[in-house]
Structures are given as structure tokens and as C-alpha cells.
Amino acid sequence: MLVPLLSVAVALGAMVPALAFELRGAGVVLIHGKAGGQGPLQPLAQGLKARGATVVLPRMSWTSGYRTYDQTLGEVQAAVSRLKAGGASRIVLAGHSLGANISMSYAARVGGVDAVVALAPGHRPDFIASQTGESLAQAKAMVAAGQGAQKGRFLDFNQGRTFPITTTAEAYLNFFDPSGPAAQAAQASAVRVPTLWVIGTGDRAAMNDRAAYSGTRIVVEADHQTTPRVAVAEVIDWLQKQ
């Protein structure tokens, strides 16, 4: 359990409402996806805070481009360090879409977290490459020429549409190369902590994903963007049982 819940009323078998300290001591990093920003995660943030958790919502670099994958993990590490400095005794990473990918990678490569929640997991480089092949080739050519730190204009892909972004060739490969770190994170094969996968019935890509899920998988009536809003109660219930 993240925090034991003791109550005389419970001992007597009485029904009691949720108490504010059920998640006291838990620090939660909520990592947003590409589209929608932090908005879809706000109801979950409020629900977690109401039950005593400390919550941080870092603004990730892909709001204006991408940093390298290691630098991105560093953004998460800064948020984790902030929670630990504030007294958090348990650390949870909960990511939406691309944020789920980063959460998985951090748990596998950096560690020091106690649970991961993947909300409408997205960003599968193996599929995206079929839509952005020219940009991938451009970035590979730049890196091969020693221009990995140079910025270029590349194509991103999200929820059925492509759009231009400006970032370095190295950062682009980190996130879009089917053999790169983002692709490895999408498999979640190295995560060794309790994991909750939350999939919306209207999220076709997530529903059809054949990655090997390790942990608990639940399905909610939602699309890609609304999954975090719809699943607040389920996520909190699962965290309280860890």
C-alpha cells in the first residue's frame, strides 16, 4: 500500500467516506502528452491532491520541440527530486500518451519509482516511421554528417495527422527512430514496478496495440484525449491498493 488506511469504523465494518490522508506521503509526477497539454490531467491532479498526494506537472520540452531523450528523462528527474525534497516517501509516474512512454522509460532506465500509470499510451516510433520516413532519413543523414546538434525542420505525427516541428537531428532520432530509446520504452519490457495501463474504447491505436502489457490493464469509455479525465476514480483506487 502507498499509505495504510486505519480506521476504527473500518474495523467495525462500517462504511466510511474516502479520507484525505489515503495517499499521504505519495508524490506523483503527471507527464502530459503532445496535444492538449496539461489540461486532460488536471482532474486527476485535483483528485490526487484531495487524497493527500503531492502532485507536480512539469511542462515537457515537446510543447515547443524536443530535447534529447536523456535530457527529457532529466526533466522528469528534476520533478522527482522536487517531490523527494518535499518529503515524498513513494514516487508515482503517471503519463498521458507520449508522457506514458517517458514514464515507462524513466522507470526502466533511471528507477527509484514505486508505480507507473500509463494513460492512453501513445507514441509508437515503429508505426510513426511509416508516416514520417523522409524526416527520419533527413535526421539520420545529419547525424551521420556530424550535425546531430544542429536544428532542422522535421515531421511529427499525432492522432492521425502530421505537422512540422523544429528540433535537433539527434533529438528527433531519439524519439522517432524505430530502434531508438522511445521505441524501446513503448514495449515497457524493462519496467519492474506495479504498472496500470488505462485504455479508452475510442482510442483505436491504443486498443489495437499488441505490445506485451505487464501489470494491470483496464478499459474505460473514452477517447485518447479524455481517457485521463474519465479514469480518475480507477487510477486513484488502483494507487490506494499498491
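What counts and what doesn't
- Residues numbered from 1 in each chain as written.
- Predicted model: local features only at pLDDT ≥ 70, side-chain atom pairs only at ≥ 80, totals over all residues.
- Heavy atoms only, no water.
- Helix = DSSP H or I, 4+ residues; strand = E, 2+ residues; numbered from the N terminus.
- Buried < 20%, exposed > 50% of the residue type's maximum accessible area, 1.4 Å probe, protein only.
- Contact = heavy atoms within 4.5 Å.
- Areas by Shrake-Rupley, 256 points an atom, 1.4 Å probe, with all protein chains shown as cover.
- Expected span 1.5 Å × (residues − 1).
- Arc of directions from axis to C-beta.
- Core = buried A, V, L, I, M, F, W, Y, C linked by side-chain atoms within 4.5 Å.
- Pairing = 2+ DSSP bridges.
- Axes fitted to C-alpha atoms, helices over the stretch in contact; angles between N-to-C directions.
- Phe/Tyr/Trp six-rings, centres within 6.5 Å; stacked < 30°, edge-to-face > 60°.
- Lys, Arg positive; Asp, Glu negative; His and termini not counted.
- Salt bridge = Lys/Arg side-chain N within 4 Å of Asp/Glu carboxyl O.
- Parallel < 35°, antiparallel > 145°, perpendicular 65-115°, else oblique.
- Left-handed = near helix turned anticlockwise from the far one by under 90°.
- Nonpolar A, V, L, I, M, F, W, Y, C, P; charged D, E, K, R; others polar.

(A) Representation of the overall build of the protein chain within the structure. On a plain count of helices and strands, the protein chain comes out with eleven helices and eight strands. Taken across its 242 residues, the protein chain has 51% of its residues classed as buried. Sequence-distant contacts in the protein chain: of pairs separated by 6 or more residues, those separated by 24 or more amount to 62%. By element, 52% of the accessible surface of the protein chain is carried by carbon and sulfur atoms, the whole surface being about 10900 Å².

(B) Layout of helix H3 (residues 69-85). For H3, which comprises 17 residues, the first-to-last C-alpha distance of 24 Å matches the rise-based estimate of 24 Å (1.5 Å per residue) to within 8%. Along H3, the positions that sit buried rather than exposed are Tyr69, Thr72, Leu73, Glu75, Val76, Ala79, Val80 and Leu83. Looking straight down H3, one finds that the buried residues subtend no more than 145 degrees of arc, so they occupy a single side. Exposed residues lying more than 90 degrees from the buried face of H3 are Asp70, Arg82 and Ala85. Buried residues along H3 sit in contact with strand S1 (26-31), strand S2 (54-56), strand S3 (90-96), helix H4 (98-109), helix H7 (169-176) and helix H8 (181-187). Just past H3, the residue Gly87 takes up positive phi, approximately 105 degrees.

(C) Broad picture of the nonpolar core. Among the nonpolar cores identified, the biggest contains 44 residues, and Val29, Trp62, Tyr66, Val76, Leu93, Ile102 and Phe175 are the most heavily contacted of them. Leu41, Leu196, Ala231 and Ile236 belong to the second largest nonpolar core, which has 25 residues in total.

(D) Just unusual backbone geometry, in detail. Although it is not a glycine, Ala120 sits at a positive phi angle of roughly 45 degrees. Looking at the element boundaries, Ala120 is found in the loop between strand S4 (115-119) and helix H5 (125-128). The class of Ala120 is buried, set by a relative accessible area of 0%. Not every positive phi belongs to a glycine, and Gln159 is a case in point at roughly 50 degrees. With respect to the element layout, Gln159 can be found in the loop between strand S5 (151-158) and strand S6 (161-168).

(E) Main features of the environment of Thr54. Position of Thr54 relative to the elements: it lies in strand S2. For Thr54, the contacting residues outside a window of four places in its chain are Ala26, Gly27, Val28 and Leu83.

(F) Region of the structure containing the side chain of Thr132. Its place among the elements puts Thr132 in the loop between H5 and helix H6 (133-144). Looking at Thr132, the relative accessible area reads 3%, which means it is buried. Ignoring sequence-local partners within four residues, the contact set of Thr132 consists of Leu155, Asp156, Phe157, Thr162 and Tyr172.

(G) Main features of the sheet that holds S2. The parallel open sheet is built from six strands, whose spatial order is S2-S1-S3-S4-S7-S8. Looking along the sheet, the strands with just one partner apiece sit at the ends: S2 and strand S8 (216-220). Going across the sheet, the axis of each strand differs from the next one's by a mean of 15 degrees, ignoring polarity. Inspection of the sheet shows S4 paired to strand S7 (residues 195-200) by four bridges, in the parallel sense. Along S7, the bridge assignment pairs Val117 with Leu196.

(H) Examining the packing of aromatic side chains more closely. Tallying each qualifying case throughout the model produces seven aromatic pairs. What links up through ring pairs into an aromatic cluster is the set Trp62, Tyr66, Tyr69, Phe154, Tyr172, Phe175 and Phe176.

(I) Main features of the side chain of Asp177. With respect to the secondary-structure elements, Asp177 resides in the loop between H7 and H8. An unpaired buried charge is present at Asp177: no salt bridge exists, and Lys140, the closest side chain of opposite charge, is 4.3 Å distant. If we skip the residues at most four places from it in the chain, Asp177 touches Pro125, Leu136, Lys140, Tyr172 and Ala183.

(J) The arrangement of the packing of H6 against H7 in detail. Where H6 meets H7, the axes come as close as 9 Å, and the angle between the chain directions of the two elements is 130 degrees. Relative to H7, H6 is oriented oblique. Our pair here, H6 against H7, has a crossing hand that is left-handed. Along the contact surface, H6 presents Ser135, Leu136, Ala139, Lys140, Met142 and Val143, while H7 presents Ala169, Glu170, Tyr172, Leu173 and Phe176. Its residues assigned to classes, the contact of H6 with H7 comprises eight nonpolar, one polar and two charged.

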